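Remarks on the overall topology
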Amino acid sequence: MNKKSSVKNLLKRRILVLDGATGTELQKRGMPSGVCPEIWCLENSHVIGRVHSDYRKSGADVVYTCTFGANRIKLGQYGVSDVVEMNRELAFIARHAIGKRVLVAGDIGPMGHFVKPFGDLDFEEAVDIFKEQVRGLAEGGVDLFIIETMMDIQEARAALIAVKEITDMFTMVTMTYEKDGRTLNGTDPVTALITLQSLGADAVGCNCSTGPAEMIQLIATMKPYATVPLVAKPNAGMPELIGDKTVFNMEPEEFAAYGKEFISRGVNILGGCCGTAPDHIRKLKEEITGRKPLAPVRKSVSAVSSSRKTVVFEQNKHLLIIGEGVNPTGKKTLQEELLEGKMTLVRQIARWQEKKSADLLDVNVGVPGIDEQKTMEGVINLLATVSNLPLVIDSSSIKVIEAALRLYPGRALINSITGEKEKLSKLLPLAARYGAMLILLPLDDRGVPETAKGRKEIIKDVFKEARNYKFTKDDIIVDGLVMAVSSNPHASLEALETVEWCSGNFKCRTLLGLTNVSFGMPQRKWLNAAYLAMAAGRGLTMAIANPEVEELMNIKAATDVLGNRDEDAAVYLARFTKTVPKEEKGVLQKAITPAEKAFRNVLEGNREEIESVLSEALREGASAAKLVHEVMIPAITEVGELFDKKEYFLPQLIASAETMKKGLAYLDPYLRDDKSAQEQKGCVVIATVKGDIHDIGKNIVALMLSNHGFDIIDLGKDVPAERIVEEVKRSGSEIVALSALMTTTMVNMKQIIDAVRNEELKCSFMAGGAVVTKSYADSIGAYYAKDGVEAVRVAENILGSVIK
Amino acid sequence: MKSVVFFDSINISVPRREIFSRLGYRKGITRIGKDQKEVIEGYIEYALSLIHLRGAGRRISIKEKSFSNIVLSNGVVFESKNLSKMIGDCEEIILMGATAGDDVIESIREDTEANQLTRGVVLDAVASEMVDASLDWIVDYFNRELRRENKRLTKSRFSAGYGDFILENQKKIYDVLEFERIGVKINENYILMPEKSVTAVAGIQSRFSDAKRESESE
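Residues numbered from 1 in each chain as written. Chains lettered and ligands numbered in written order. Predicted model: local features only at pLDDT ≥ 70, side-chain atom pairs only at ≥ 80, totals over all residues. Heavy atoms only, no water.

**A closer look at the overall build of chain B**
Counting secondary structure elements, chain B contains seven helices and nine strands. Computed over the C-alpha atoms, the radius of gyration of chain B is 19 Å, within 12% of the 17 Å expected from 2.2 N^0.38 for a compact globule of 218 residues. Taken along the three principal axes of its C-alpha coordinates, chain B extends 55 × 40 × 30 Å. Long-range contacts, defined as pairs at least 24 residues apart, comprise 74% of the intrachain contacts of chain B with a sequence gap of at least 6. Only carbon and sulfur atoms are counted for the fraction: they give 46% of the accessible area of chain B, which is about 9300 Å². Counting 33 positive and 35 negative side-chain charges, chain B places the averaged centre of each group 6 Å from the other. (Helix = DSSP H or I, 4+ residues; strand = E, 2+ residues; numbered from the N terminus. Rg over C-alpha atoms; globule rule 2.2 N^0.38 Å. Contact = heavy atoms within 4.5 Å. Areas by Shrake-Rupley, 256 points an atom, 1.4 Å probe, with all protein chains shown as cover. Lys, Arg positive; Asp, Glu negative; His and termini not counted. Charge placed at Lys NZ, Arg CZ, Asp CG, Glu CD.)

**Description of the sheet that holds strand β5 (residues 171-175) of chain A**
All names here are of chain A. Strand order in the open sheet formed by eight strands is β1-β10-β7-β6-β5-β4-β3-β2, and the pairing between neighbours is parallel. Strand pairing shows two members of the sheet lacking a second neighbour, β1 (16-17) and β2 (62-64), which therefore form its edges. Relative to strand β4 (residues 144-150), strand β3 (residues 103-108) is paired through four bridges, and the arrangement is parallel. Its bridge partner being in β4, Ile108 is matched across the sheet by Ile147. (Pairing = 2+ DSSP bridges.)

**Overview of helix α18 (residues 421-434) of chain A**
Residue and element names in this part refer to chain A. Helix length check: α18 (14 residues) gives 21 Å between terminal C-alpha atoms against 20 Å at 1.5 Å per residue, within 8%. Inspection of α18 places Lys423, Leu424, Leu427, Leu428, Leu430, Ala431 and Tyr434 among the buried residues, and these make up the whole buried set. Where α18 is buried, its residues meet α8 (153-166), α9 (189-199), α17 (398-407), β16 (413-418), β17 (437-441) and α19 (452-467). After α18 finishes, the residue Gly435 shows a positive phi value of roughly 65°. (Expected span 1.5 Å × (residues − 1). Buried < 20%, exposed > 50% of the residue type's maximum accessible area, 1.4 Å probe, protein only.)

**Observations concerning the nonpolar core**
Counting 140 residues, the largest nonpolar core has Leu26, Ile108, Leu196 and Leu383 of chain A as its most contacted members. Apart from residues no more than four positions distant in its own chain, Leu196 of chain A is found in contact with Ile153, Ala156, Arg157, Leu160, Val173, Met175, Ala201 and Val204 of chain A. By size, the runner-up hydrophobic cluster in this structure holds 95 residues, among which are Ile19, Val121, Val131 and Ala200 of chain B. (Core = buried A, V, L, I, M, F, W, Y, C linked by side-chain atoms within 4.5 Å.)

**Brief notes about the packing of aromatic side chains**
Per the stated rule, a full pass over the model turns up 18 aromatic pairs over all chains. With a centroid separation of 5.2 Å and 80° between ring planes, the pair formed by Tyr141 of chain B and Phe142 of chain B is classed as edge-to-face. Residue classification places Tyr141 of chain B among the buried residues on the basis of a relative accessible area of 1%. By relative accessible area, which is 7% here, Phe142 of chain B ends up buried. Taken together, the ring pairs in this structure connect Phe114 of chain A together with Phe7, Trp137, Tyr141 and Phe142 of chain B into an aromatic cluster. Positioned above the aromatic ring of Tyr64 of chain A, the side-chain terminus of Lys233 of chain A is 4.1 Å from the ring centre. (Phe/Tyr/Trp six-rings, centres within 6.5 Å; stacked < 30°, edge-to-face > 60°. Lys NZ or Arg CZ within 6 Å of the ring centre and 35° of its normal.)

**Observations concerning the packing of α8 of chain A against α9 of chain A**
Residues and elements named next belong to chain A. For the pair α8 and α9, interaxial distance at closest approach is 10 Å and the crossing angle is 15°. It follows from the interaxial angle that α8 and α9 lie roughly parallel. Crossing geometry of α8 relative to α9 is assigned as right-handed. Residues Ile153, Ala156, Arg157, Leu160, Ile161 and Lys164 of α8 form the contact with α9, whose participating residues are Ala192, Thr195, Leu196 and Leu199. (Axes fitted to C-alpha atoms, helices over the stretch in contact; angles between N-to-C directions. Parallel < 35°, antiparallel > 145°, perpendicular 65-115°, else oblique. Left-handed = near helix turned anticlockwise from the far one by under 90°.)

**With respect to the pairing of strand β21 (residues 682-688) of chain A**
All names here are of chain A. Extensive coverage of β21 is indicated by the burial of seven of its seven residues. The two faces of β21 match: Gly682, Val684, Ile686 and Thr688 on one face and Cys683, Val685 and Ala687 on the other face are all buried. Of the pairings in the sheet, the one linking β21 to strand β22 (residues 710-714) comprises five bridges and is parallel in character. Residue Gly682 lies in a different strand from β22, and its bridge partner there is Phe710. Regarding the hand of the β-α-β motif, the stretch spanning β21, helix α30 (residues 696-707) and β22 is right-handed. (Right-handed = clockwise from strand over helix to strand, strands pointing away.)

**Some remarks on the pattern of salt bridges**
When the charged atoms of two side chains with opposite charge come close together, those side chains can pair. Residues and elements named next belong to chain A. Scanning the model with the defined rule gives 72 salt bridges over all chains in all. The shortest N-O distance in the salt bridge between Lys342 and Glu340 comes to 3.2 Å. Taking the relative accessible area as the measure of exposure, Glu340 reaches 54% and is therefore exposed. With a closest N to O distance of 4.0 Å, Glu790 and Lys786 form a salt bridge. (Salt bridge = Lys/Arg side-chain N within 4 Å of Asp/Glu carboxyl O.)

**Concerning unusual backbone geometry**
Cis peptide bonds are those with omega within 30 degrees of zero, and the linkage from Lys116 of chain A to Pro117 of chain A qualifies with 10°. With respect to the secondary-structure elements, Pro117 of chain A resides in the loop between β3 and α7 (123-139). Here the residue pair Met193 of chain B and Pro194 of chain B is connected by a cis peptide bond, since its omega of 5° sits within 30 degrees of zero. Relative to the helices and strands, Pro194 of chain B resides in the loop between β8 (192-193) and β9 (197-206). Positioned with a positive phi, Ser209 of chain A is a non-glycine residue whose angle comes to about 70°. For Ser209 of chain A, the location among the structural elements is in the loop between β6 (203-207) and α10 (212-222).

**Observations regarding the side chain of Thr154 of chain B**
Along the polypeptide, Thr154 of chain B turns up in the loop between β6 (151-153) and α6 (169-176). A polar side-chain atom of Thr154 of chain B sits 3.0 Å from the main-chain carbonyl oxygen of Ser156 of chain B. (Polar contact = N/O pair within 3.5 Å; in protein donor to acceptor, adjacent residues only side chain to side chain.)

**Structural notes on a positive patch on the surface**
Among the surface-exposed residues, Lys8, Lys12, Lys299 and Lys470 of chain A lie close enough to one another that they form a single positively charged patch. By the secondary structure assignment, Lys470 of chain A is in the loop between α19 and β18 (476-479). (Patch = residues over 30% accessible without salt bridge, like charges linked within 9 Å, V, L, I, M, F, W, Y side chains within 5 Å.)

**Topic: the environment of Lys729 of chain A**
All names here are of chain A. Inspection of the secondary structure puts Lys729 in helix α31 (residues 721-731). Linking Lys729 and Val756, residues 27 residues apart in sequence, is a C-alpha distance of 8.9 Å. When sequence neighbours within four positions are dropped, the list of residues in contact with Lys729 reads Glu759 and Leu761. Here the side chain of Lys729 touches Glu759 through a polar contact of 3.2 Å, side chain to side chain.

**Description of the confidence of the model for chain B**
Residue and element names in this part refer to chain B. Per-residue pLDDT for chain B has a mean of 90; in total, 94% of the residues score no lower than 70. The spread of mean pLDDT over the elements of chain B runs between helix α7 (residues 207-217), the lowest at 43, and strand β5 (residues 92-99), the highest at 97. Throughout residues 208-218 the model reports pLDDT below 50, and contacts reaching past four residues in sequence, or to other chains, amount to 19 contacts. This prediction of the complex comes with two scores: 0.86 for pTM and 0.88 for ipTM. (pLDDT = per-residue confidence, 0-100.)

Next up, the structure:
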């Protein structure tokens with residue numbers, strides 16, 4: 001029996017007890033702060049040996065080697081280059097200390113650098129770094145591996161792949177979760193479990209960060225989806241400062257008392273992390289001895305994951321939508337962007353499809369002339385960080401799929417395998433190696449069978465072959481393979497029959513590439529939506545479709561209710577129940593004049609309607625001047641008052657100001673003959689001072705002043721004093737408004753004021769910006785305005801007062 | 001001196017409360033109509049599709065320090081009484097920085113030119129708060145790393161351009177962090193570009209000495 005089978009057999013019979021903390025034990029026994037623990041342990045092997053043997057005597061079944069940081073990156077910081085030797089020696093020390101009846105776990109901790117896409121370390125480099133450590137530990141005779149305290153799922157994957165590519169030994173992976181129940185990078189426990197167990201981890205769990213009470217909840221969350229044993233290594237409570245020492249204050253008895261609950265919630269491997277000592281492990285062992293472990297509740301799980309989310313393909317749950325947006329077929333702009341290596345559009349499509357309730361994202365980057373592998377890797381790295389949705393890797397190239405699976409920080413769905421012999425023989429082992437799920441297209445080397453009968457035979461053959469790689473019906477989703485009804489009127493029904501047979505008789509999950517059905521037809525959205533409803537009635541699990549099509553998503557919501565796939569119709573009700581506030585109803589019911597509408601448009605910042613409303617008002621006989629002075633200026637004044645009272649905030653103020661601006665521009669031709677309407681309050685030169693590139697506040701002030709009748713000369717940002725002097729001379733403006741965001745650039749305001757005054761130009765100054773205060777403005781001889789609304793009042797006051 | 005740790009993509013929860021607060025929203029006072037809220041949420045979503053948070057951090061030991069300056073092991077000198085006071089008895093510091101990337105800044109510029117200032121202002125606020133929150137995330141990351149050494153970062157952090165820690169120091173931090181590797185530039189006025197980029201300094205202390213010092217300062 002090999003080492004892996006031995007550990008698995010042990011786990012069938014009993015709970016395995018792990019050791020407790022190593023770091024805090026070493027500190028207690030004299031390891032100074034700031035040293036490299038691995039080097040110190042080699043130099044003081046009797047101390048670490050004693051820690052190991054104390055844990056053995058306490059009843060630990062597994063002892064971790066003291067190699068948490070024994071990787072190339074961390075050891076390199078202490079000048080150690082022979083990583084293999086260091087790991088081998090530390091494994092020897094552990095073995096020597098505990099003998100052969102207790103298992104030695106080769107301990108692998110994080111490198112201190114994140115792996116792409118979350119960090120700068122190339123994935124393959126990370127795998128190589130871990131492989132070096134794995135080799136040393138394997139040479140040192142460890143019985144199993146533990147990858148622990150991981151906060152980056154991609155780093156955990158790299159370490160797991162490294163172990164798997166070097167040895168077949170039993171490997172546990174434990175992540176560390178923050179108070180919010182996620183790793184620092186946002187991975188939740190179920191997602192980590194789905195990703196790691198599918199990639200080949202033999203046990204998955206959590207360690208450090210929390211005490212036992214909190215960790216029990218994490219274990220309970222994972223258990224329903226676990227196909228492997230679960231591991232927990234909690235701290236001895238949370239750290240507290242007592243006197244002059246930080247202590248984990250949970251006594252061994254209290255710590256051990258959680259043992260039974262851990263087991264009842266499904267843990268199979270249990271130990272202690274920071275603050276636990278041999279006494280904690282002794283008490284824990286006593287507490288749980290004789291208790292039977294709960295085996296994993298399932299052999300397989302139909303679920304995919306991203307780095308931050310899991311989607312479980314459960315029966316009787318709502319019909320899932322795979323967003324088809326990231327596919328350049330027929331999308332010229334996306335094709336061009338991908339060819340140029342740009343990702344902006346991909347990012348926007350992905351986020352938008354997620355917002356529109358896609359459950360997964362199909363990713364296809366096939367464009368003629370493109371480096372598909374490189375582009376796919378780029379898109380996966382991008383989407384892993386900008387979208388929470390699990391990805392469907394859609395490519396006809398096995399090389400591209402392999403590259404994607406290796407890099408993807410979750411459990412992916414491959415689109416697709418077929419019954420084609422060569423493809424099948426390559427894709428099945430590849431998917432098995434990375435634990436991916438598969439979409440099966442029921443076609444083979446003879447082509448696409450026209451009837452459902454022919455497709456069923458292929459489906460059965462492929463599933464039979466897939467069983468050789470330990471795939472189950474949970475792992476493969478059958479595509480009904482719908483063709484265009486425009487070329488074959490039977491196509492839709494044959495695909496539906498395939499879906500129904502899979503759902504009912506064969507009992508596997510199903511999918512349709514929905515939009516194929518309507519190809520070549522006008523108004524395709526109706527055919528797509530109707531077909532979705534028909535397929536949902538036959539038990540369809542998911543559809544590849546565009547979630548941005550409102551009609552389709554509405555029909556989907558309706559079919560979920562009618563098919564009893566939306567409990568209490570909660571999703572449907574949330575989608576369609578929109579409450580209109582009472583006051584809005586009142587407004588809608590009451591007939592108002594165009595002028596009143598224009599007032600409301602400015603008040604509510606409704607830029608879209610203002611021109612048509614003003615046009616209507618003019619048609620009904622209102623003069624442009626009257627609309628400006630009696631409607632729009634009172635409206636924007638009210639907006640200013642609401643802003644002052646904080647009943648409006650900045651976006652509302654600006655939306656109103658922009659509406660006003662648009663309205664004034666529309667009325668401008670009608671005002672040309674009206675002198676009273678044309679009257680300007682004065683001219684303002686406005687600029688962000690030299691050295692400062694922040695200009696959004698200045699732009700707001702310019703907009704507000706412009707709306708209130710000031711003639712604005714906006715010189716932009718990073719403007720030197722000479723340019724301002726020149727413009728004041730040329731325009732004869734009455735006011736110079738200056739903005740600065742930083743203390744370092746604020747001082748340039750005074751230089752500008754001095755420069756203008758040296759030229760004996762008659763004008764006043766206004767100053768504002770994040771760091772500018774009234775006292776500073778006073779000190780340089782400028783008026784102060786804290787925001788755009790106040791700037792209008794200040795400017796109006798200036799022109800009614802003496803020059804400052 | 002340890003090498004720079006780069007974070008090529010920082011994932012954080014969107015700090016909505018801070019974004020709205022930055023835009024002047026006051027709970028219980030500010031009134032937003034449903035349509036307006038949807039529009040603003042749409043702008044926030046658009047901003048998020050443009051923001052790519054990246055960061056860097058580096059742990060460096062302090063070679064010498066006095067009440068008015070700090071000499072790092074790599075020879076970099078920070079002259080600042082305020083910073084020295086904050087660093088206290090720390091023997092090491094963390095230099096850190098983060099950026100929201102170019103795309104969002106470019107979009108703000110385009111919006112401003114196209115008289116879409118409302119969206120530009122929301123993009124600006126989202127980018128500012130996201131980049132601040134990403135520094136908090138970097139602090140959490142280093143605290144996680146330091147926990148095993150029974151250490152943590154000082155609760156305060158200091159940025160160049162504040163108090164007597166003059167903006168010129170931004171260039172020193174920029175160089176030490178190899179900030180150009182995450183697409184950030186610095187101009188002759190020591191301003192980081194893209195605009196929504198920040199740097200900061202925090203001290204590394206043992207949990208005990210940090211708590212003691214903080215209670216003393218109270």
